[in-house]
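One letter stands for each residue in the lines below.
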Amino acid sequence: MGAAGQYDGLQQPQQQPAPQMLPVHAHAAASQSPHPHPQLPQQQTPQKQQPALQQPLSQPPSHQRSVKRPRPVKSCTECRKRKLRCDRLCPCSQCQKSNRACKYSADADGQPDSDVSDVEAAEPGRPFKRNCPPGTAPSVTSTTGEPGSIAAAVAAAKNGDGAGLPLLEELSLRMERLEKQVMVRSPAGTDLSAGRVVAGTVDTIRGLSVKNGAKRTRFFGQGSSRVMLNLFDDAKAFIQQHQTIAGGREILSDFRAAHHFMHENYTQALTPISVFVDSMMPVQKRMTDILPPKDVCDRLVASYMDSSETIYRILHIPSFMEQYNMYWGGKQQAESFLPQLLAVLSTASRFETKSKGILHERVDGVHNPTSCALVRSWLDSLKGKQRVEFASLQVEVLLLHAQRMVTQRTNELWAQLGYIVRSAMSMGLHRDPSEFGPRMTVFQGELRRRLWFTILDIDVHLSIALNMPTSVREGDYTCRPPRNLDDVELYEGMRELPTSRPIDQITDNQLQVYGAMTLPVRMKVAYLVNNIDSIRDYQEVLDVGAKLDRFLEDINYLFPRQGILNDTQKSKMWRSRVILDMHARRPLLALYRSLAMGTPDAPPQITRAHLRSSMVILKYLDEIDPRQPYFEIITAMYHQMLKHDIAQAAMSVCYYIQLAHGSADNMIGGHLRQTPEFGGDDYPSYKPETLPIWSPDRLIGTVEKSLEILTKHATGNDTKDLLTLALVLESVRKPEPRADEVVRGLYGVLSLLLRSSNTTIEKVRSVQHNGHEQYSSEGYMQGHAYATNAAAGAQQFGGWLIWDGWD
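This is a predicted model, so every value here is computed, not measured.

Student: Before we go on, may I ask you to explain the overall build of the chain in this structure?
Tutor: Summing up its helical and strand segments, the chain has 29 helices and 2 strands in all. By the burial criterion, 50% of the 807 residues in the chain qualify as buried.

Structure representation (structure tokens):
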């Protein structure tokens, strides 16, 4: 279960050589050891070193310096730059923690670089510092098996001992041969001195939409359709030359008309009901009025507890249900209960009702936008101490969770999450409750741990999705992970927490505990993705990716596919497995995307893992029987929660289809190999090295199926992503796509989109010409295209210039 990764940092104790095996200059060799001998016997000390050892003892007491623990003269250059305490090892502990190259200045650097005073003369009796080359391992061992041989040879050469020079030259040659072997074994190795980055070009990593004289800008990460389109030259050429293509101008105009029609309807559906939000009645009374009957609330609350209180733990279920039963019994509850209940109902209504929580008919649920507006009004009315109550923070997180169900602007959620993170830190949730002594109850302390790790998890998820840095990084908090316990084991007045159960034992908190185990690695991914164009070595990326792969393997053991008795258990097990799988697979895709797509010399394991993970996301639903009555509900949930991940994975697969057409041996990038021992590709649980090859036709069929799901559940805000994916798919379907076939394929997607929206092309065209826009689509497309094609920066965003008018 990836537990082996916990022992990566452990090192075997370094064996001390026997006294008779010490090199000639034992003093310098001892400085290489982390625990040098306090004092060397007389018979082991070289004769030419004895005067140097005795010289400090004859100096005045003011200049006396202990020689019991000899050490190098200088700290390493990185510790001196950062004003850190250096333990003077090679590499030092500070450089090991930060994965920096530990280097020590040469003797010729001069006295000012020394860690002694500028006016204090260097003591002749102190040993010379080590010459630590960049990238040296913590314990350097020569081919003879004697630790510290390199340091001894360097010291001998510096002291003028002719016997040390041949050994130094021999070790240098051995080091060069070792470096050559490492470079041959790792084709991804790069020359640090050359300053070459390993990521793709800038236009495949990030983008910036600049409008209105740079007064309005918007940042897009590597997973955005705008950025990924730059990997497909044929699709970009179609958009840029659509004026000269038969039917090109018409199809783009019809897509734009459908976008405005659907977007307008969706915007109206998301408008809060004015009779509730504009009323002068108290907000608590308005919340009560919008609640559905008790039987509907019972069904929605049960659905929320089963599907949402999983990896994101916000509520303590027994405490909430106790308040819930008392509320319907007519007993007065805490002021924060109604906002919590309304946010819970809003989240569940998105999947469990015919209205999907966005229609004004509230027979079977609540109207999500109205509920969120009322909860927001209650939060804004809080003053002073009410804002730092734990229940108020729970409402903030529940509201963010409910808004995720309907909003399309992830950047707004990311900004709102920043406020939540800082509010939690101001309440002390980032510190472990045990630090506050008996004032913090055991029960409340465990609930704080659960909520804090929920906030951290959402922070990592949104940051990776937007290619942004996380608000909190590892080391910024001391709060320990929550325990793997059922909620009924936690109660007010308990004296101590029960022992955490094994991770493979199913509890109410099992998913969050496993998510907390993977959290530090996912935080590292967010940092690497945000700085992907400064990486000059694949090794750190491969190390992080290997840890994520181990987490993915563990999930198949935690939630096996065999031995499940009934369909209900299968559905719940599938949902748990997908939730955990996505929390590890989404960072893996983000880490590998810009390297696997657009980097010609990317290591094969990166390319294989990226394609495999993309296919796994697109094939989640293959495990569910479409004849089951809950299949439509699961499909809607799959689309709603993974919509952007599906689109990104589908475009990634299209990239490999494009490579397959251009490869002579019909293998994806030449990195995958045929393995006849495995014949299926439905949900591979094997390692990437044994992954079977998918034919281009199989890849195309998978993307077509995913595009159909996205189109059937589309709203007005994702029409551009649909058009981009459809255009990319048509451009890579054949090695040399024809323009008329691309136009025909786009019309097929548009027809399905209109049928799912229960409208016709004639209706959307009439709205486009007769609605609030007083200009024709033809005039807009021509004028906007020619004007923007001449704008600065057209090369980077040439494929999306025509889209800017949609924003």
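Student: What is the right way to read the packing of helix α12 (residues 294-307) against helix α13 (residues 317-328) from this model?
Tutor: Running from N to C, α12 and α13 cross one another at 175 degrees; their axes reach a closest spacing of 13 Å. Accordingly, the angle class assigned to the pair α12 and α13 is roughly antiparallel. Touching Lys 294, Cys 297, Asp 298, Val 301 and Met 305 of α12 are Ile 317, Phe 320, Met 321, Tyr 324 and Trp 328, all from α13. Of the residues contributing to the contact of α12 with α13, the split by class is 8 nonpolar, no polar and 2 charged.

Student: When you look at the packing of helix α11 (residues 283-290) against helix α15 (residues 368-380) in this model, what are you seeing that I'm missing?
Tutor: The description of two helices packed together rests on the angle between their axes and the distance between the axes. The interhelical angle for the contact between α11 and α15, taken along N-to-C directions, is 160 degrees, at an axis separation of 10 Å. Here α15 runs roughly antiparallel to α11, going by the angle between their axes. Handedness of the α11/α15 crossing: left-handed. Together, Val 283, Gln 284, Arg 286, Met 287 and Ile 290 of α11 and Thr 370, Ser 371, Leu 374, Val 375, Ser 377 and Trp 378 of α15 make up the contact between the two elements. Counted by class, the contact of α11 with α15 contains 6 nonpolar, 4 polar and 1 charged residues.

Student: Before we go on, may I ask you to explain helix α19 (residues 510-530) in this structure?
Tutor: Because an α-helix packs 3.6 residues into every turn, residues spaced three or four apart end up facing the same way. Taking 1.5 Å per residue, 21 residues should reach 30 Å; α19 reaches 30 Å between its end C-alpha atoms and fits that length. The largest bend along α19 reaches roughly 45 degrees and is located at Leu 519, with the proline Pro 520 sitting one to four residues downstream. Within α19, 16 of the 21 residues are buried, leaving the element largely enclosed by the surrounding structure.

Student: Explanation requested: the nonpolar core in the structure shown.
Tutor: Generally speaking, nonpolar side chains in soluble globular proteins are found buried as a group. In this structure, Phe 232, Leu 341, Trp 452, Ile 455, Tyr 620 and Leu 746 are the most contacted members of the largest nonpolar core, which totals 172 residues. With 8 residues, the next largest nonpolar core counts Cys 79, Cys 86, Cys 92 and Cys 95 among its residues.

Student: Just checking my understanding: could you explain a nonpolar patch on the surface for this structure?
Tutor: A surface patch of nonpolar side chains, about 240 Å² in accessible area, is lined by Leu 208, Val 210 and Phe 219. Looking at where Phe 219 falls in the secondary structure, it is placed in strand β2 (residues 216-220).

Student: Would you take a moment to explain the UniProt feature "domain: Zn(2)-C6 fungal-type" (unreviewed entry) in the chain for this structure?
Tutor: As recorded in UniProt, the feature "domain: Zn(2)-C6 fungal-type" (unreviewed entry) lies at residues 75-104. Counted over residues 75-104, helix gives 40% and strand 0%. Its end C-alpha atoms are 7 Å apart.

Student: Would you take a moment to explain the environment of Leu 659 for this structure?
Tutor: Within the secondary structure, Leu 659 sits in helix α23 (residues 631-662). Classification of Leu 659 as partly exposed rests on a relative accessible area of 29%. In this structure the C-alpha to C-alpha distance between Leu 659 and Val 732, which are 73 residues apart in sequence, comes to 9.1 Å.

Student: Would you mind going over the pattern of salt bridges with me for this structure?
Tutor: Side-chain pairs of opposite charge can arise where the charged atoms are in close proximity. In the structure shown here, the tally under the stated rule is 30 salt bridges. Measuring nitrogen to oxygen at the nearest pair gives 2.7 Å for the salt bridge that ties Arg 522 to Asp 457. Residue Arg 522 is found in helix α19, and its partner Asp 457 is found in helix α18 (residues 442-466); the two are separated by 65 residues along the sequence. Its relative accessible area of 3% is what places Asp 457 among the buried residues.

Student: Teacher, can you tell me more about the environment of Ala 649 here?
Tutor: With respect to the helices, strands and loops of the structure, Ala 649 is situated in helix α23. You can call Ala 649 buried: its relative accessible area is 2%. It is 9.3 Å that separates the C-alpha atoms of Ala 649 and Gly 223, two residues lying 426 residues apart in sequence.

Student: Sorry if this is basic, but what is going on with the packing of aromatic side chains here?
Tutor: How two aromatic rings sit relative to each other is set out by the distance from centre to centre and by the angle between their planes. The final tally for this structure, using the stated rule, is 10 aromatic pairs. Arranged with centres 5.6 Å apart and planes meeting at 40 degrees, the rings of Phe 320 and Phe 337 form a pair that is tilted. Here Phe 320 is found in helix α13, whereas its partner Phe 337 is found in helix α14 (residues 337-352), with 17 residues between them in sequence. Accessibility classification places Phe 320 together with Phe 337 in one group, the buried group. Seen in terms of ring centroids, Tyr 324 and Trp 328 are 6.3 Å apart; in terms of plane orientation they differ by 75 degrees. Their pairing is edge-to-face. A residue pair is termed a helical-turn pair when its members lie 3 or 4 positions apart in one helix, as Tyr 324 and Trp 328 do in helix α13 at 4 residues. For Tyr 324, a relative accessible area of 2% corresponds to the buried category. Taken together through their ring pairs, the aromatic side chains of Phe 320, Tyr 324, Tyr 327, Trp 328 and Phe 337 make up a single cluster.

Student: Teacher, can you tell me more about the environment of Ala 465 here?
Tutor: Take Ala 465: it is sitting in helix α18. In the structure, Ala 465 is positioned 180 residues away from Asp 645 in sequence and 8.8 Å away in space, judged by C-alpha atoms.

Student: Is there a simple way to explain unusual backbone geometry in this structure?
Tutor: Omega for the peptide link from Cys 90 to Pro 91 comes to -5 degrees, which places this bond in the cis form. Examined against the element boundaries, Pro 91 turns out to sit in the loop between α3 (77-82) and α4 (93-98). At Arg 88, a residue that is not glycine, the phi angle is positive and equals roughly 65 degrees. With respect to the helices, strands and loops of the structure, Arg 88 is situated in the loop between α3 and α4.

Student: Explanation requested: the side chain of Arg 450 in the structure shown.
Tutor: As for its position among the elements, Arg 450 is in helix α18. Residue classification places Arg 450 among the buried residues on the basis of a relative accessible area of 3%. A distance of 3.5 Å separates a polar side-chain atom of Arg 450 from the backbone oxygen of Leu 485. When residues no more than four places from it in sequence are discounted, the contact partners of Arg 450 are Arg 313, Pro 482, Leu 485, Asp 487, Leu 490, Asn 509 and Gln 512.

Student: Explanation requested: the confidence of the model for the chain in the structure shown.
Tutor: The predicted model of the chain has a mean per-residue pLDDT of 74, with 69% of residues at 70 or higher. Below a pLDDT of 50 lies the segment residues 664-692, which in the model reaches 58 contacts outside its immediate sequence neighbourhood of four places, other chains included. Under a pLDDT of 50 for its full length, residues 772-807 has, in the predicted model, 76 contacts with residues more than four places off or in other chains.

Student: Please clarify how the pairing of β2 should be interpreted in this entry.
Tutor: Each regular strand shows side chains that alternate between the opposite faces of the sheet. With 5 bridges connecting them, strand β1 (residues 207-211) and β2 associate as antiparallel partners. The residue of β2 that forms the bridge with Leu 208 is Phe 219. In this structure, the hairpin formed by β1 and β2 is closed by a connection of 4 residues, where Asn 212 is found at a positive phi of approximately 55 degrees.

Student: Is there a simple way to think about empty space enclosed by the protein in this case?
Tutor: Empty pockets left among the atoms are what a rolling probe the size of a water molecule brings to light. Inspection of every chain in the model, using the stated rule, returns 10 cavities of 30 Å³ or more. Lining of the largest cavity is provided by 22 residues; of these, Ser 307, Ile 579, His 583, Met 637 and Met 641 occupy positions nearest its centre. Mapped onto the lining of the largest cavity, the elements with two or more residues apiece are α21 (567-596) and α23. Broken down by element, the lining of the largest cavity gets its largest block of residues, 7 residues, from α21. Of the residues assigned to the lining of the largest cavity, the class counts are 13 nonpolar, 6 polar and 3 charged.

Student: Before we go on, may I ask you to explain the state of the cysteines in this structure?
Tutor: Throughout this description, disulfide means a covalent bond between two cysteine sulfur atoms. This model, assessed by the stated rule, comprises 0 disulfides. Cys 95 supplies the cysteine sulfur nearest to Cys 92, a cysteine that is in no disulfide, at a spacing of 3.5 Å.

Here is what the cut-offs are and how they apply
Residues numbered from 1 in each chain as written. Predicted model: local features only at pLDDT ≥ 70, side-chain atom pairs only at ≥ 80, totals over all residues. Heavy atoms only, no water. Helix = DSSP H or I, 4+ residues; strand = E, 2+ residues; numbered from the N terminus. Buried < 20%, exposed > 50% of the residue type's maximum accessible area, 1.4 Å probe, protein only. Axes fitted to C-alpha atoms, helices over the stretch in contact; angles between N-to-C directions. Parallel < 35°, antiparallel > 145°, perpendicular 65-115°, else oblique. Contact = heavy atoms within 4.5 Å. Nonpolar A, V, L, I, M, F, W, Y, C, P; charged D, E, K, R; others polar. Left-handed = near helix turned anticlockwise from the far one by under 90°. Expected span 1.5 Å × (residues − 1). Bend = angle between axes of the 7 residues up to and from the residue. Core = buried A, V, L, I, M, F, W, Y, C linked by side-chain atoms within 4.5 Å. Patch = residues over 30% accessible without salt bridge, like charges linked within 9 Å, V, L, I, M, F, W, Y side chains within 5 Å. Areas by Shrake-Rupley, 256 points an atom, 1.4 Å probe, with all protein chains shown as cover. Salt bridge = Lys/Arg side-chain N within 4 Å of Asp/Glu carboxyl O. UniProt positions renumbered as here; feature names shortened; annotations may be inferred. Phe/Tyr/Trp six-rings, centres within 6.5 Å; stacked < 30°, edge-to-face > 60°. Polar contact = N/O pair within 3.5 Å; in protein donor to acceptor, adjacent residues only side chain to side chain. pLDDT = per-residue confidence, 0-100. Pairing = 2+ DSSP bridges. 1 Å grid on protein atoms, 1.4 Å probe; cavity = no way out; pocket = protein on both sides within 12 Å on 5 of 7 lines; lining within 4 Å. Points joined across faces, edges and corners; volume = space filled by probe spheres on them. Disulfide = S-S within 2.5 Å.

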